[in-house]
Structure formats: structure tokens, C-alpha cells
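# Structural features, examined
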Amino acid sequence: QVQLVESGGGLVHPGGSLRLSCAASGFTLDDSAIGWFRQAPGKEREGVSCISSSDGSTHYADSVKGRFTISRDNAKHTVYLQMNSLKPEDTAVYYCAADPGSPMIQTMCTSGFPAGQYNYWGQGTQVTVSS
């Protein structure tokens, strides 16, 4: 069965760092584009970052550029989001999502972060940035 399981969230002081992991199973991660989204209380879900298959091109929301880095390890079936210089505004539930695409064909993602592109979603992990 298809599964995406996020982990690595927690409580951190402003300026601190966290590394989120998204463990994938039940589909071919190599051919998939992966996106990270977040949703803060009372706000709509927003795209944070994504990584394309094959060439590994990445995109970031303006609010996290220079602070967050997305990466993937296909052998470990895992996608990561390294978050540095965290701010209180980063507090949210973070979700990973997958667009499985087609076998042996590059699957692209865009900075528009259209939620409809992604077929599979994890349950989320809480990130809280507070002093």
C-alpha cells in the first residue's frame, strides 16, 4: 500500500534547525516529484518546497529560500527537508506529498506548488518554533 510517513518535527527556538524526513513506500520514488507543504492554525495549506525526479531540480517558496533545503535519497526511499534559521512564522504541520508520474520519465514540479499535482499525502509532523 502507498504510504508517506513524515518524522523529525518538534519544538525548537528561533534560529534553530530541524530535519524532516518523508519515508515513502508502495510506489517508485525515483520517478516521482515530491513536495513539502505546511499548514498553520487558521491558515490555508501552502507549498514550501519540491524536488523533481531525474535531474533533481528544486523550488522553494520565497519565505524559505536560503534557509530550507530539500533533498532525496532514492536508495533509502526517503525525502528530506533541512530547515535552518527557523522563525516563529515557520510553525505549522508539515506534510510531504508525491506525484508518482510515469516510469522512466522525468516528473517535474513547479514553484506554483499546485496541490492537485500530488496524488499521495502523508499525515504530517508538527513543527513549533517558539522562545
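Residues numbered from 1 in each chain as written. Predicted model: local features only at pLDDT ≥ 70, side-chain atom pairs only at ≥ 80, totals over all residues. Heavy atoms only, no water.

## What about the overall build of the chain?
The test is simple: To qualify as a helix, a DSSP run of H or I must reach at least 4 residues; to qualify as a strand, a run of E must reach at least 2; elements of each kind are numbered from the N terminus. C-alpha atoms define the radius of gyration, and 2.2 Å times the number of residues to the power 0.38 defines the globule rule. Summary of the burial criterion: residues with accessible area below 20% of their type's maximum are buried, those above 50% are exposed, and those between are partly exposed, where the area comes from a 1.4 Å probe applied to protein chains only. Contacts are residue-level and defined by heavy atoms, with any inter-residue pair within 4.5 Å sufficient. Computed by Shrake-Rupley with a 1.4 Å probe, the accessible areas treat only the displayed protein chains as cover when residues are assessed. Only four residue types enter the tally: Lys and Arg on the positive side, Asp and Glu on the negative side; His and the chain ends are excluded. A single reference atom marks each charge: NZ on Lys, CZ on Arg, CG on Asp, CD on Glu.
A count of helices and strands for the chain gives 0 helices and 11 strands. Listed by position from the N terminus, the elements making up the chain come as β-β-β-β-β-β-β-β-β-β-β. Radius of gyration (C-alpha) of the chain: 14 Å, near the 14 Å computed for a compact globule of 131 residues. For the chain, the spread of C-alpha atoms along the three principal axes comes to 45 × 25 × 25 Å. Looking at the chain as a whole, 44% of its 131 residues qualify as buried. Expressed as a percentage of contacts within the chain between residues at least 6 apart in sequence, the contacts between residues at least 24 apart total 64%. Accessible area for the chain stands at about 6500 Å²; split by element, carbon and sulfur atoms hold 48% of it. Between the mean site of the 9 positive side-chain charges and the mean site of the 11 negative ones, the chain shows a separation of 6 Å.

## Description of the nonpolar core
Inclusion rule: Buried residues of nine kinds, namely Ala, Val, Leu, Ile, Met, Phe, Trp, Tyr and Cys, make up a nonpolar core once their side-chain atoms join them within 4.5 Å.
With 35 residues, the main nonpolar core has Trp36, Phe68, Leu81, Met83 and Tyr94 as its most contacted residues. Mapped onto this core, the elements with two or more residues apiece are strand E3 (18–25), strand E4 (33–39), strand E5 (46–51), strand E7 (68–73), strand E8 (78–83), strand E9 (92–99) and strand E11 (125–129). When residues in this core are grouped by element, the largest group, 5 residues, is from E9. Discounting residues that sit within four places of it in the chain, Leu81 has contacts with Leu18, Arg19, Leu20, Trp36, Val48, Ser49, Phe68, Thr69, Ile70 and Tyr94.

## Considering the sheet that holds strand E1 (residues 3–7)
Our working rule: By definition, two strands form a pair when at least two bridges between them are found by DSSP. Inter-axis angles, ranging from 0 to 180 degrees, are taken between N-to-C directions of lines fitted to C-alpha atoms, where helices are fitted over the stretch in contact.
Spatially, E1-E3-E8-E7 is the arrangement adopted by the 4 strands of the open sheet, whose pairing is antiparallel. Each edge of the open sheet carries a strand with a single partner, namely E1 and E7. Taking each pair of neighbouring strands and ignoring which way they run, the sheet shows an average axis angle of 15 degrees.

## Some remarks on the environment of Tyr118
The topology assignment puts Tyr118 in the loop between E9 and strand E10 (120–121). For Tyr118, a relative accessible area of 4% puts it in the buried group. Along the primary structure Tyr118 and Pro100 are separated by 18 residues, whereas in three dimensions their C-alpha atoms are 7.9 Å apart. When sequence neighbours within four positions are dropped, the list of residues in contact with Tyr118 reads Ala33, Ile34, Gly35, Phe37, Cys50, Ala97, Ala98, Asp99 and Cys109.

## Quick notes on the packing of aromatic side chains
Pairs of aromatic rings are described using the distance from one ring centre to the other and the angle between the two planes. So the rule is basically this: Geometry of aromatic contacts follows a simple scheme: Phe, Tyr and Trp rings, the Trp one being its six-membered ring, pair when their centres are within 6.5 Å, and the pair is stacked under 30 degrees between planes, edge-to-face over 60, tilted otherwise.
Counting across every chain of the model gives 4 aromatic pairs. Taking the centre distance of 5.4 Å and the plane angle of 80 degrees together, the rings of Phe37 and Tyr118 count as edge-to-face. With a gap of 81 residues between them, Phe37 in strand E4 and Tyr118 in the loop between E9 and E10 connect regions that are remote in the sequence. The buried category is assigned to Phe37, whose relative accessible area is 2%.

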